[in-house]
Amino acid sequence: MRLSVIAATAIISLAPALAQTTGSISVSAARATDARTAPVNASFDAFLKGLWPQAQARGISRATFDLAFRGVTPDASIVALTKKQSEFTAPIWGYLNSALGGTRIPRGRDAAAENAGVLAQVEARYGVPKEVVLGIWGMETNYGSFKGDKDTIRCLATLAQIRYRGDFFRDELLTALELIEKGHVERTELRGSWAGAMGHTQFMPSSYMKYAVDWTGDGHADIWTSTSDALASTANYLKGYGWVPGLPWGLEVTLPERFDYRINKASFSSFAAAGVRRADGRPLPASGEGRLFFPAGHRGPVMLLTENFDVIKKYNSSDAYALAVGHLGDRIMGRPAIQADWPVQAPRLDKTGLQEVQRRLKAAGLYNHDADGRIGTGTREAVRQYQLKTGEIADGYPTPALLAKMRDAR
């Protein structure tokens, strides 16, 4: 799976250029003295020595292996970036404002017009709406304006050596070597973001291997310089993860005054019978089902999401990212902005508070993940179950008031 799935923090998808350059540390500064450099190089040499048998088992030749790692050293700036990610705690409305702000929407409309033909053909072949493909392209590289300029092999090797995210980056590194071995890409073309994602829509090597498309028919699936290949590859990726044609990714809705918050996932017809209405006044879809999502609690916007929202999350597991992709695509197509007000003045939990909520939920048997201080799907569902048990409005959103109630319940 591609990088964004791994790096689900908002900063990566919010501003690709920023994510790939912020926190950069000069390599020369990181190697200030030979005494400091020697242990690092020795450790990296040992890593490469251990990697070679695994590469050989995948059919990588010694010539390709040596070519790939010629002159490569660990990148200290990448190690620093992995530590910065976990501290990112922007509220979702701030994330969306930045993601859709500036020229992102008008640039998306220009990109839609410039690529209208291929987008229509890609949509017809893969069943993925052009606006969703545009939303991903816009979020990942601002429509190709910044695709990353780091050496992919060096980035992946750095992350693999420190075992960031376990074996994930080692496996991606080996796949990148396969791309060279099989002639999919030249060694010098392997450039992208600091965590190994490449091209217009930031594919990881394994995603390239599985989903890259030679749309132009020139014998090379070129996600780096061919817009057509990249857009088709993105649609193929989403189709491969189960995109349902004709089903929206999600809708903004309003709830009736005495809504039964025990209703969370149901058919569109059941939601309509319960008084749920689209915010834009149009009817809910005639078929299909969705689930309610309160990105900032019941005092903020309410979304009715479908399984296609979860498909977008295969690109990046962050709810904020998937919401931004879907909403950006809608805005490019001229659909309205999210209409409900965000509770910008409401008290929010910081990372420490969220971790405490997660630990208390875990102690109550409602949560079985790490207390990482991030609000993800598991945390939201655990909070919702706690709220149902305690008679609170079950919006799945942790607040300072909820934490206070948990503490009082001891």
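Residues numbered from 1 in each chain as written. Predicted model: local features only at pLDDT ≥ 70, side-chain atom pairs only at ≥ 80, totals over all residues. Heavy atoms only, no water.

Looking at an unreviewed UniProt entry, the protein carries the name Lytic murein transglycosylase, with the source organism given as Bosea psychrotolerans.

A. Spatial organisation of the pairing of strand β6 (residues 289-293). As judged from the three bridges shared by strand β4 (residues 265-267) and β6, these two strands associate in the antiparallel manner. Looking across to β6, one finds that S267 is bridged to E289. Sheet topology places β6 next to strand β7 (residues 302-305); three bridges connect them, and they run antiparallel. Its bridge partner being in β7, L292 is matched across the sheet by L304. (Pairing = 2+ DSSP bridges. Helix = DSSP H or I, 4+ residues; strand = E, 2+ residues; numbered from the N terminus.)

B. Region of interest: the environment of D229. Following the sequence through the fold, D229 ends up in helix α15 (residues 227-240). Take D229: its relative accessible area is 0%, and that puts it in the buried class. With 29 residues separating them along the chain, D229 and H200 place their C-alpha atoms 9.4 Å apart. The residues contacting D229, other than those within four sequence positions of it, are V213, D214, W215, T216, H220, A221 and D222. Only 3.1 Å separates the side chain of D229 from the backbone nitrogen of T216, close enough to count as a polar contact. At a separation of 2.9 Å, a polar atom in the side chain of D229 contacts the main-chain amide nitrogen of D222. (Buried < 20%, exposed > 50% of the residue type's maximum accessible area, 1.4 Å probe, protein only. Contact = heavy atoms within 4.5 Å. Polar contact = N/O pair within 3.5 Å; in protein donor to acceptor, adjacent residues only side chain to side chain.)

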